[in-house]
Number of protein chains: 2
Amino acid sequence: MQRRSFIQTSLLAATAVGIAPTIIMGKENRKARLGFLGVGLRGRSHLRQALRRDDVIVNAICDIDADALAASQELIKKAGKKKAAEYTGSEYAFQKLLERDDIDGVIIATPWLWHTPMAVAAMKTGKYAGVEVSAANSLQECWDLVNTYEETNVPCMILENVCYRRDVMAILNMVRKGVFGELVHLECGYQHDLRHVKFNDGTPSRSDGVEFGDKAYSEARWRTLHSVKRNGDLYPTHGIGPVGTMLDINRGNRFVSLTATASKSRGLHDYIIEKGGSDHPNADVRFRLGDVVTSVIKTANGETIIVQHDTNLPRPYSLGFRVQGTKGLWMDIHDSLYIEGTSPDHRWESDKSYMTEYDHPLWKKYENLASGAGHGGMDWFVLHAFVESIKRKVDTPLDAYDAAAWSAISPLSERSISMGSAPQPFPNFTRSKWIKRKPVFALDDSY
Amino acid sequence: MQRRSFIQTSLLAATAVGIAPTIIMGKENRKARLGFLGVGLRGRSHLRQALRRDDVIVNAICDIDADALAASQELIKKAGKKKAAEYTGSEYAFQKLLERDDIDGVIIATPWLWHTPMAVAAMKTGKYAGVEVSAANSLQECWDLVNTYEETNVPCMILENVCYRRDVMAILNMVRKGVFGELVHLECGYQHDLRHVKFNDGTPSRSDGVEFGDKAYSEARWRTLHSVKRNGDLYPTHGIGPVGTMLDINRGNRFVSLTATASKSRGLHDYIIEKGGSDHPNADVRFRLGDVVTSVIKTANGETIIVQHDTNLPRPYSLGFRVQGTKGLWMDIHDSLYIEGTSPDHRWESDKSYMTEYDHPLWKKYENLASGAGHGGMDWFVLHAFVESIKRKVDTPLDAYDAAAWSAISPLSERSISMGSAPQPFPNFTRSKWIKRKPVFALDDSY
């Protein structure tokens, strides 16, 4: 399996997508007509990519924030495209957008609690759901995505851009070519000092303000409350997405169980005291979120995975990848690689030459188009995959099962922590279809 | 506490050792008279250090292997020292050695299953027990060490040399000076490709042989069987020892609970097939030990610790240290350090200048003596501490509680794995004295 070429696997892929014949057999569209639910900073980043494409038409946008809508129309105007219809005035305005018959799919880039309801509503109206990460906050929401997908046969893609990071795709290529041997242990995480994201002074400036909620700007308005109320891995998919594709999760493998352990919570409180003083009202807020949350997952095929969440402390950004097999391992920290018989004995070498040799066909083909897009080009690929899936009327390469399995780490880690790190079983989201489903992600250079 | 200087802490230390007044008040010896239980490769390494010291007399050695005894006498002769009495002929010959009245302490460097019985017997005969790692294999053995120590008031030191590694001691110094702020999360492990240790061809050559047990040489004779029979972290103390000293374990803090998860087992079997062929009798051996075993520990003070055991796969050696606090973090992988406000924003820097600035007083003082000793000098320090404790008639800086708490990770991880990663409570080895015991390890430049 792991050694087969991209050509061989792409032949298999055509028979592996689980989508209804009526959709897969349809004639290919030349354009994808998109609507945008949420055009804040993240939504406009997607919008910018969409406006660059000749094969995308942006027919409608939705937000409760008038400034966000205005900024979006300005982007559309600058791109020389037709003004989009606007939906606003209520948190449920998106439902009106979904009633339109000139939308093939929606990009959902709203606060976390809206991801699943909007994705479910989109599928129910026959619109491809492209949902930002994480896709769900509770186990029931994970099931909502899966059940709606199975009921409607309308695809739901989790927009996990890190699956398309250039080094990550090269490593995926190496995994499939057997360079690491059989995979044994993987690590990943979201290790990102978010103190400037969780707090600000209510303006777009990159301030040292310590407000969150109504007095704050952008993500701090809603995201920080999750750190107050929840203790678990709140943001697992940037790490687990790439790991999921490498381990064929939901496609010959699955997550079986998880334990999670949270450290004490100090970072956010200390930050408020340091920047706002001990008299600031937020100095009394008690944050439930442990500064470092460690989850350990066991898979059906016997691999172990460490997933870390570390967003409250000063530290350099790192997704902490490690991909270890019977022949060697890679770690993204300092681009470190070791392959037995190839690397110098018992010594790390730089992964640089491997990144060139195993550069993924998608990156080779689309490097020029992707460069300049957000997050080092990976945003281009994730939108490309969504758009191409719509145009071809096929299922998306990351689907509702991926959205559910990856996002489930949040509620499962919360449960485990609340039960003294007791192991939690993963729901069998594919209803055991994982034993026969085949990998489809990035098998060739198409999307 | 963390900011106090070494001078301040050393004043505290004198009142903090938990040893019986009869011993602590005694007159200082000028020499330490040692016996050696086990003089294989590791025992002779200690012997070599001991023979270099003017303050050590080696009065007796014990081993069942005649070659090991002969090689030891040769070392003694070359050092110009008096021939040591020999004890051999039975696995219980050490009991005769312990009856001597010209031995103050013994170095125990035997196969793992002998560590606790020999340490217990040593304490019961009034001899300081210096026991190699790990000190115990089961929870009952951990208790045996603690109970015997408490009954006899004779010190038991776990000879964990990595506690004295130069970078580790500099980091300990930084921890105590508050450079990392309050500690939150630590990582460590034993990530060491031991395939050449677990297998050989029965000769001292560094061969690709795939024998273990009776047909093998040195550690492969006995150590490999643990990989056949046990699934857990078999060798935790090189990692957890330094972490234990940094977190004041048993001295104001303690390990509370642990979960462990083991990956599939592939590496050792693959190695036998590769080097010995699928027809070799050992190709049929089923190794229980997962290739990567991940344990996660929660402490009473709220820190989390990841401990890894990874000895069956090709990989560069690493103890995988990470020391993370509210102000920054260090990782030994590629000597990476980040301190907020000091390091360049959001970027790793080399730890080199910090290693100089915070070089531990012990290393500053004894650098010349230590260099040339085993394992980069740290073997010198661990023996020095044992010898100085004997000479001063005081307790050892690493004690029976440390031996028990650190070694307990092995049986607790085995239990957790056998129960699907269910959390396991650590025994309260100090019988709650940890809440008032004070740190004593390496508080100044004496030992």
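Residues numbered from 1 in each chain as written. Chains lettered and ligands numbered in written order. Predicted model: local features only at pLDDT ≥ 70, side-chain atom pairs only at ≥ 80, totals over all residues. Heavy atoms only, no water.

Draft legend 1. Spotlight on the pairing of strand β5 (residues 128-131) of chain B. All names here are of chain B. Burial along β5 is two-sided: the residues Tyr128 and Gly130 and Ala129 and Val131 are all buried. Sheet topology note: the strand β4 (residues 105-108)/β5 ladder contains four bridges and is parallel. Among the inter-strand pairings, Val106 is bridged to a residue of β5, identified as Ala129. Taking the sense of rotation as the criterion, the β-α-β connection linking β4, helix α6 (residues 115-124) and β5 turns out right-handed. In this fold, β5 hands off to helix α7 (residues 139-152), which returns the chain to strand β6 (residues 156-158); that crossover is right-handed. (Buried < 20%, exposed > 50% of the residue type's maximum accessible area, 1.4 Å probe, protein only. Helix = DSSP H or I, 4+ residues; strand = E, 2+ residues; numbered from the N terminus. Pairing = 2+ DSSP bridges. Right-handed = clockwise from strand over helix to strand, strands pointing away.)

Draft legend 2. Molecular detail of the pattern of salt bridges. Overall, the coordinates contain 62 salt bridges over all chains when judged by the stated rule. Of the charged contacts in the structure, one is a salt bridge between Glu182 of chain B and Arg266 of chain A, with a shortest N-O distance of 3.0 Å. Here Glu182 of chain B, found in the loop between α8 (166-176) and β7 (183-191), pairs with Arg266 of chain A, found in the loop between β8 (255-262) and α12 (267-276), and the two come from separate chains. When its relative accessible area of 29% is taken as the criterion, Arg266 of chain A is described as partly exposed. One salt-bridge network, in which partners are shared between bridges, spans Arg53, Asp55, Glu388, Lys391 and Arg392 of chain A. (Salt bridge = Lys/Arg side-chain N within 4 Å of Asp/Glu carboxyl O.)

Draft legend 3. Spatial organisation of the environment of Val387 of chain B. As for its position among the elements, Val387 of chain B is in helix α15 (residues 378-392). C-alpha of Val387 of chain B to C-alpha of Asp310 of chain B: the two residues are 77 residues apart in sequence and 33 Å apart in space.

Draft legend 4. Main features of the interface of chain B and chain A. Facing the 52 residues of chain B at the interface are 52 residues of chain A. Both sides of the chain B and chain A interface together cover about 4100 Å² of buried area, and 57% of this is carbon and sulfur. Contact with chain A buries area across many residues of chain B, yet Lys264, Pro314 and Pro316 of chain B alone supply 15% of it, more than any other trio. Linking chain B with chain A are ten salt bridges. Listing elements by their share of the side of chain B that touches chain A, those giving two or more residues are β7, β8 (255-262), β9 (292-299), β10 (304-310), β11 (322-325), β12 (328-331) and β13 (336-339) of chain B. With five residues, β7 of chain B is the largest single contributor of residues to the side of chain B that touches chain A. Split into classes, the residues belonging to the side of chain B that touches chain A amount to 17 nonpolar, 19 polar and 16 charged. (Contact = heavy atoms within 4.5 Å. Buried area = accessible area lost by both parts, 1.4 Å probe. Nonpolar A, V, L, I, M, F, W, Y, C, P; charged D, E, K, R; others polar.)

Draft legend 5. Region of interest: helix α14 (residues 361-370) of chain A. Residue and element names in this part refer to chain A. Every buried residue belonging to α14 is among Leu362, Trp363, Tyr366 and Ala370, and all of these are buried. Taken end-on, α14 shows its buried residues confined to a sector of 105°, consistent with a single buried face. Facing away from the buried side of α14 by more than 90 degrees, the exposed set consists of Lys364 and Asn368. Of the surrounding secondary structure, the elements contacted by the buried residues of α14 are α8 (166-176) and α15 (378-392). Among the residues trailing α14, Gly372 stands out with phi positive, at a value near 100°. (Arc of directions from axis to C-beta.)

Draft legend 6. Seen up close, the relation of the copies chain B and chain A. Superposition of chain B onto chain A requires a rotation of 180° combined with a translation of 0.0 Å along the rotation axis, giving an RMSD of 0.0 Å. Viewed as a symmetry operation, the transformation between the two copies matches a two-fold axis. Looking at the rotation axis and the C-alpha trace of chain B, the residue lying nearest is Ala422 of chain B, at 2.8 Å. A shared binding surface is used by both copies, with 100% of the interface residues of chain B retained as interface residues in chain A. (Least-squares fit on C-alpha atoms with pLDDT ≥ 70 in both.)

Draft legend 7. Molecular detail of the domain arrangement of chain A. Residues and elements named next belong to chain A. Assigned domains within chain A: domain 1 (3-160) and domain 2 (163-361 + 399-435). For domain 1 and domain 2, the distance between their C-alpha centres works out to 24 Å. Each side of the interface is counted separately: domain 1 has 25 residues, and domain 2 has 38 residues. Summed over both sides, the interface of domain 1 with domain 2 buries roughly 2800 Å², with 64% coming from carbon and sulfur. Linking domain 1 with domain 2 are two salt bridges, by the criterion used here. A salt bridge links Glu150 to Lys433, with the shortest nitrogen-to-oxygen separation between them at 3.1 Å. Counting across the interface, domain 1 meets domain 2 through ten residue pairs in polar contact (both at pLDDT 80 or more). Of all elements in the fold, only α7 (139-152) and β6 (156-158) reach the threshold of two or more residues within the side of domain 1 that touches domain 2. Here the element with the most residues in the side of domain 1 that touches domain 2 is α7; it accounts for eight residues. (Domains from an automatic or database assignment. Polar contact = N/O pair within 3.5 Å; in protein donor to acceptor, adjacent residues only side chain to side chain.)

Draft legend 8. Looking closely at helix α11 (residues 237-246) of chain B. Residue and element names in this part refer to chain B. The buried fraction of α11 is high, at ten of ten residues. Those residues of α11 lying buried are Thr237, His238, Gly239, Ile240, Gly241, Pro242, Val243, Gly244, Thr245 and Met246. Following α11 by one or two positions, Asp248 has its phi on the positive side, about 55°.

Draft legend 9. Examining the packing of helix α3 (residues 41-52) of chain B against α15 of chain B more closely. Residues and elements named next belong to chain B. At a minimum axis distance of 10 Å, the contact between α3 and α15 shows a crossing angle of 75°. Between α3 and α15, the angle is such that the two are roughly perpendicular. When α3 is examined against α15, the residues Arg42, Ser45, His46, Gln49 and Ala50 are found in contact with a partner set consisting of Asp379, Trp380, Val382 and Leu383. Considered class by class, the residues forming the contact of α3 with α15 number four nonpolar, three polar and two charged. (Axes fitted to C-alpha atoms, helices over the stretch in contact; angles between N-to-C directions. Parallel < 35°, antiparallel > 145°, perpendicular 65-115°, else oblique.)

Draft legend 10. Seen up close, the environment of Asp167 of chain A. Residues and elements named next belong to chain A. As for its placement among the helices and strands, Asp167 is situated in helix α8. For the pair Asp167 and Tyr358, spaced 191 residues apart in sequence, the C-alpha separation works out to 9.2 Å. Look past the residues within four positions of Asp167 in its chain and what remains in contact with it is Trp330, Asp332 and Met355.

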